[in-house]
Amino acid sequence: MANTEMDKETQKLLHATALNINVLLSHVHKFEGLDEKPQEFSESKFKETIKTLATAIDKEVTYLIIACKPPARSSDVESLCPKINAGFFSLVQQTERIPKSAGRTYLHAVRKATCQSLIAAIGLINSFIDDKVEMEQLIVSDMLFMPRSGVFWEHCKALSQVPADNRTAVALEWTSSVGNLVKDAMTELGESLDSAKEATAAHGDDEFSEDSMDEFDSDIPADRIDKGRKIEKQLQAAKHTCDKVALRCIRDCEQLDEERVVWLDGLLEQGKHIARTVDDLAATLFMDDESWSKCAELESEKLRRLMAELVTLAITFVDDSHLAWFELCRKQLGETQKVPAEVVR
């Protein structure tokens, strides 16, 4: 709620501050990385700089909140607004020094943390003024921003915890967007198949009871259980392979030259395709359509192909001590063609 006790000049000053931050938001949201790496840039120095900036901005915004609460202290607001403007300008300036060679996933993580802190700051200032600053809805939606109490401090904390490098960024994204999703899909399918088996057994014990038929109704029809078990095994294999990639390719990637940075981004992108296909494959068992079996075959083949492509990509830079496992996995997935020329060992 706007502060009715705040004088118009102070409200104008706050409005101007929010406008400045909004301009920075629109600018940094479009940033795709520098084509050339600045000589003085390093992920470790950047992380320390961002952490220091986030701490300073956090302190100044906290003082601003205190100054804006009734009775509003206009002189304090007047002295704090330029500091907050300068802090966010420096934050965006640092973010826009990140080169493309640092990695797409790393850049996305830092840009998202920066945008969310800017959005939170604008929302906070808007709560004290009558003339609200309108943010571009596309940007707000893209950042998946959800207003809630304490949101500004949460995003300042996120800024101080930006990934150390692209390997770290990929590892974090892999866990949430690949590893956990594949694991959940496999677990949920197994539980559904177990429930279907129990329901089938219950129906067999009391086939003449209409009550028992209603009580043990299952989402997966009995005639799909055998097919479902085969799909479950394919999902188990997908999970095992994804876990291996996370461990042996992503976690164990010690050298971060430009080629390996691109490689890590590629592994993540392929992993996301697999996670989506795993969901689609499991969903075919629940289809209210006679074409479910054909759909299951198509999704199963798609998953096999995507897994083969992931393993082939993994072979590019995986350590020699784990190479044999990935080559065997590739063979088991039916990939007998020669490894592409771009996969250099």
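Residues numbered from 1 in each chain as written. Predicted model: local features only at pLDDT ≥ 70, side-chain atom pairs only at ≥ 80, totals over all residues. Heavy atoms only, no water.

S.K.: Describe in detail the nonpolar core, supporting the description with residues and values.
M.R.: As a rule of thumb, soluble globular proteins bury nonpolar side chains together. Core analysis: the largest hydrophobic core is formed by 46 residues, its most contacted members being Leu14, Phe88 and Ile98. Where this core is concerned, the elements lending two or more residues are helix 1 (8–29), helix 2 (43–68), helix 3 (74–95), helix 4 (104–126) and helix 5 (137–142). Looking at this core element by element, the count peaks at 10 residues for helix 4. (Core = buried A, V, L, I, M, F, W, Y, C linked by side-chain atoms within 4.5 Å. Buried < 20%, exposed > 50% of the residue type's maximum accessible area, 1.4 Å probe, protein only. Helix = DSSP H or I, 4+ residues; strand = E, 2+ residues; numbered from the N terminus.)

S.K.: Tell me what's going on with the pattern of salt bridges, and back it up with residues and numbers.
M.R.: Where charged atoms from two side chains of opposite charge come close, those side chains can pair. Overall, the coordinates contain 15 salt bridges when judged by the stated rule. The salt bridge involving Asp35 is made with Lys100; its shortest N-O contact spans 2.8 Å. With a gap of 65 residues between them, Asp35 in the loop between helix 1 and helix 2 and Lys100 in the loop between helix 3 and helix 4 connect regions that are remote in the sequence. Linked through salt bridges whose partners overlap, the residues forming this network are Asp194, Arg229 and Glu232. (Salt bridge = Lys/Arg side-chain N within 4 Å of Asp/Glu carboxyl O.)

S.K.: Hey, could you go over helix 1 for me, with residue numbers and the actual values?
M.R.: Here helix 1 spans 31 Å end to end across 22 residues, near enough to the 32 Å set by a 1.5 Å rise per residue. If you check which residues of helix 1 are buried, you get Thr10, Gln11, Leu14, His15, Thr17, Ala18, Ile21, Asn22, Leu24, Leu25, Val28 and His29. On its buried side, helix 1 packs onto helix 2, helix 3, helix 4 and helix 5. Regarding helix 1, its N-cap is Asp7, as a side-chain oxygen of that residue lies 3.1 Å from the backbone nitrogen of Glu9 further along. (Expected span 1.5 Å × (residues − 1). Contact = heavy atoms within 4.5 Å. Polar contact = N/O pair within 3.5 Å; in protein donor to acceptor, adjacent residues only side chain to side chain.)

S.K.: Explain the side chain of Asn22 residue by residue, including any values.
M.R.: Considering the arrangement of structural elements, one finds Asn22 in helix 1. A polar contact is formed between the side chain of Asn22 and the backbone oxygen of Glu134, at a distance of 3.3 Å.

S.K.: Give me the confidence of the model for the protein chain: which residues, what numbers.
M.R.: A low pLDDT score tells you not to read the predicted coordinates there in detail. Here the protein chain averages 88 in pLDDT, while 87% of its residues score no lower than 70. Per-residue pLDDT, averaged within each element of the protein chain, yields its smallest value for helix 8 (residues 210–215) (41) and its largest for helix 9 (residues 225–251) (97). Taken as a whole, residues 145–149 scores under 50 in pLDDT and shows eight contacts with residues more than four places along the chain or in a different chain. Contacts of residues 207–217 to residues separated by more than four positions or lying in other chains number seven contacts, the stretch itself having pLDDT below 50. (pLDDT = per-residue confidence, 0-100.)

S.K.: Just give me the short version of unusual backbone geometry, but keep the residues and values in it.
M.R.: With an omega of -5°, the peptide bond running from Pro70 to Pro71 counts as cis. The topology assignment puts Pro71 in the loop between helix 2 and helix 3.

S.K.: Any details on the environment of Pro99? Residues and values, ideally.
M.R.: Here Pro99 is to be found in the loop between helix 3 and helix 4. Among the residues examined, Pro99 registers a relative accessible area of 1% and is labelled buried. The spatial distance from the C-alpha of Pro99 to the C-alpha of Asp35 is 6.0 Å, given a sequence separation of 64 residues. Each residue touching Pro99, except ones within four places of it in the same chain, is listed here: Gly33, Leu34, Glu36, Lys37, Pro38 and Phe41.

S.K.: Any chance you could break down the packing of helix 11 (residues 292–315) against helix 12 (residues 320–332) for me, citing the residues and the numbers?
M.R.: At their nearest, the axes of helix 11 and helix 12 sit 9 Å apart, and the two run at 155° to each other. By the angle class used here, helix 11 and helix 12 are roughly antiparallel. Seen along the crossing, helix 11 lies across helix 12 with a hand that is left-handed. Contacts between helix 11 and helix 12 involve Val311, Thr312, Ala314 and Ile315 on the former and, on the latter, Leu323, Phe326, Glu327, Cys329 and Arg330. Classifying every residue of the contact of helix 11 with helix 12 gives six nonpolar, one polar and two charged. (Axes fitted to C-alpha atoms, helices over the stretch in contact; angles between N-to-C directions. Parallel < 35°, antiparallel > 145°, perpendicular 65-115°, else oblique. Left-handed = near helix turned anticlockwise from the far one by under 90°. Nonpolar A, V, L, I, M, F, W, Y, C, P; charged D, E, K, R; others polar.)

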